Amino acid sequence: MERIDKRGCDHIFFIGFLGAGKSTLARNLGGMFHRRFVDTDRMVERQQGMSVTDIFATYGEPEFRIMETRVLEGLRSERSLLVSCGGGIVETARNIDLMHEMGYCVYLDGDIDDSLRQIRRSDTRPDFRSAEHAARLIEHRRPLYRKSADFTVDIRGKSFLDVSYAVAELLLERGLL
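None of these values were measured; they are calculated from a predicted model.

S.K.: Explain the side chain of Ser 84 to me, and be specific about the residues and the numbers.
M.R.: Mapped onto the fold, Ser 84 is located in strand β3 (residues 82–84). Excluding anything up to four places from it in sequence, Ser 84 contacts Phe 14, Lys 22, Ser 23, Ala 26, Val 38, Asp 39 and Thr 40.

Written as structure tokens, this is what we have:
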């Protein structure tokens, strides 16, 4: 199958709510296909020398979103990355535009139960103040994820391995891996 380039770049961005398995998926596919993977939240943390939770507490979410955008802009000079994005990356229209300029967005669509099952430490997740808050936030973001997605993969009740194979198949069929 012929390889497809989207606007000169070929990154695959994984979007979805916290606990959807974006980082695990990027790491799994990176190992399967010998592609580098990065995590936007970890990149912000390295640049700032503090955790996302501490950044939110010290500077607030609006400043974090600016940092997140800068990280995305820095990916323009890279090629063929698998990018795990923070759950709120779609809150900024510029971020959505940047992701589409550089590649494709794969939305890992799950319910709050899927997220709750995967979250080990809620104190490290600034979006997770309570299960009720997280449920409201996921419903607020769901239309943003759907609008941003080039592809959507239903992760409800699936293992990380099953999701990895489903996404790999999807991307291979389209010549993106």
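S.K.: Explain the nonpolar core residue by residue, including any values.
M.R.: Counting 31 residues, the largest nonpolar core has Phe 13, Ile 15, Leu 75 and Met 99 as its most contacted members. For this core, the secondary structure elements donating two or more residues are β1 (11–15), α2 (40–48), α3 (52–59), α4 (61–74), α5 (93–102), β4 (103–109) and α7 (131–148). Setting aside residues no more than four positions away along its own chain, Leu 75 makes contact with His 11, Phe 13, Val 38, Met 43, Leu 81, Val 83 and Met 102. By size, the runner-up hydrophobic cluster in this structure holds 20 residues, among which are Leu 82, Tyr 104, Val 106 and Ile 155.

S.K.: Which residues make up the packing of helix α1 (residues 22–33) against helix α8 (residues 160–173), and what are the values?
M.R.: The interhelical angle for the contact between α1 and α8, taken along N-to-C directions, is 60 degrees, at an axis separation of 10 Å. Between α1 and α8, the interaxial angle falls into the category oblique. Pair α1 / α8 crosses with right-handed handedness. Within the contact between the two elements, α1 uses Thr 24, Leu 25, Asn 28, Leu 29, Met 32 and Phe 33 and α8 uses Phe 160, Val 163, Ser 164, Tyr 165, Val 167, Ala 168 and Leu 172. Broken down by class, the residue content of the contact of α1 with α8 amounts to 10 nonpolar, three polar and no charged.

What counts, and where the lines are drawn
- Residues numbered from 1 in each chain as written.
- Predicted model: local features only at pLDDT ≥ 70, side-chain atom pairs only at ≥ 80, totals over all residues.
- Heavy atoms only, no water.
- Helix = DSSP H or I, 4+ residues; strand = E, 2+ residues; numbered from the N terminus.
- Contact = heavy atoms within 4.5 Å.
- Core = buried A, V, L, I, M, F, W, Y, C linked by side-chain atoms within 4.5 Å.
- Buried < 20%, exposed > 50% of the residue type's maximum accessible area, 1.4 Å probe, protein only.
- Axes fitted to C-alpha atoms, helices over the stretch in contact; angles between N-to-C directions.
- Parallel < 35°, antiparallel > 145°, perpendicular 65-115°, else oblique.
- Left-handed = near helix turned anticlockwise from the far one by under 90°.
- Nonpolar A, V, L, I, M, F, W, Y, C, P; charged D, E, K, R; others polar.

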